Amino acid sequence: MAHFAKVDDENTVTEVHCLHNDVLSLNGVELEQQGIDFLEKLHGGGTWVQTSYNTDGGVHRTGGEPFRKNYAGKGYQWREDLDGFVPPRPYDSWHLEPETCQWNPPVPMPDDAGVDKRYDWDEDNLGWEVIPLPNPQD
């Protein structure tokens, strides 16, 4: 299946559609423009950009070729200059990593985060705070 994001005039993703790969095929070759043409005709226009369901942070989940940095979702930004989709910024202090189109905190999460210890970002203090875990005895 092929996925396409519809973006508005501010390059914000407003919806994502799934198309059968046959729609993209022209003489046995898959072409993004075929999908765009199909969606424009079906929806009466709009700006469409192909996205990959299996790409996250510039890595393809099944070992294939990553495509457009991240799978697009509603509210994501299409950044043509980075050839990628950027998720909404979680906190004002976080910075964009252009190679992955992911937001990173100004301070890395502590290495001991895991099942027994969890952290949450504290924007007021610009640092990580430990999340108390429930006591299994309670």
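Note: the structure precedes this text.
Calculation notes
Residues numbered from 1 in each chain as written. Predicted model: local features only at pLDDT ≥ 70, side-chain atom pairs only at ≥ 80, totals over all residues. Heavy atoms only, no water. Pairing = 2+ DSSP bridges. Helix = DSSP H or I, 4+ residues; strand = E, 2+ residues; numbered from the N terminus. Contact = heavy atoms within 4.5 Å. Polar contact = N/O pair within 3.5 Å; in protein donor to acceptor, adjacent residues only side chain to side chain. Salt bridge = Lys/Arg side-chain N within 4 Å of Asp/Glu carboxyl O. Buried < 20%, exposed > 50% of the residue type's maximum accessible area, 1.4 Å probe, protein only.

Participant: So what's going on with the pairing of strand E2 (residues 13–19)? Which residues, and what values?
Facilitator: In the sheet, strand E1 (residues 2–7) pairs with E2 via 6 bridges, with the strands oriented antiparallel. Bridging from a neighbouring strand, lysine 6 pairs with glutamate 15 of E2. Between E1 and E2, which pair antiparallel in sequence order, lie 5 residues; one of them, asparagine 11, sits at a positive phi of approximately 65 degrees.

Participant: Go over the environment of histidine 60 with me, naming the residues and quoting the values.
Facilitator: With respect to the helices and strands, histidine 60 occurs in strand E7 (residues 59–60). When the C-alpha positions of histidine 60 and proline 136 are compared, they lie 37 Å apart, and in sequence the two are 76 residues distant. Non-local contacts of histidine 60, meaning those with residues more than four positions away in its chain, are made with Ser52, Asn54, Thr55, Glu65 and Pro66. Among the polar contacts listed, one links the side chain of histidine 60 to the backbone nitrogen of glycine 64, at a separation of 3.0 Å.

Participant: Can you explain the pattern of salt bridges? Please cite residues and give values.
Facilitator: Enumeration over the complete set of coordinates arrives at 4 salt bridges. We note a salt bridge from glutamate 32 to arginine 68, for which the minimum N-O separation is 3.0 Å. Residue glutamate 32 is found in helix H2 (residues 32–43), and its partner arginine 68 is found in the loop between E7 and strand E8 (77–79); the two are separated by 36 residues along the sequence. Assessed through its relative accessible area of 24%, glutamate 32 is described here as partly exposed. Note on arginine 68: relative accessible area 13%, which makes it buried. Among the ionic pairs, arginine 79 bridges to aspartate 81, the shortest N-O distance being 2.7 Å. A single network of salt bridges, built from pairs that share partners, joins Glu32, Arg68 and Asp83.

Treat this as a map of the structure, not an account of what it does.
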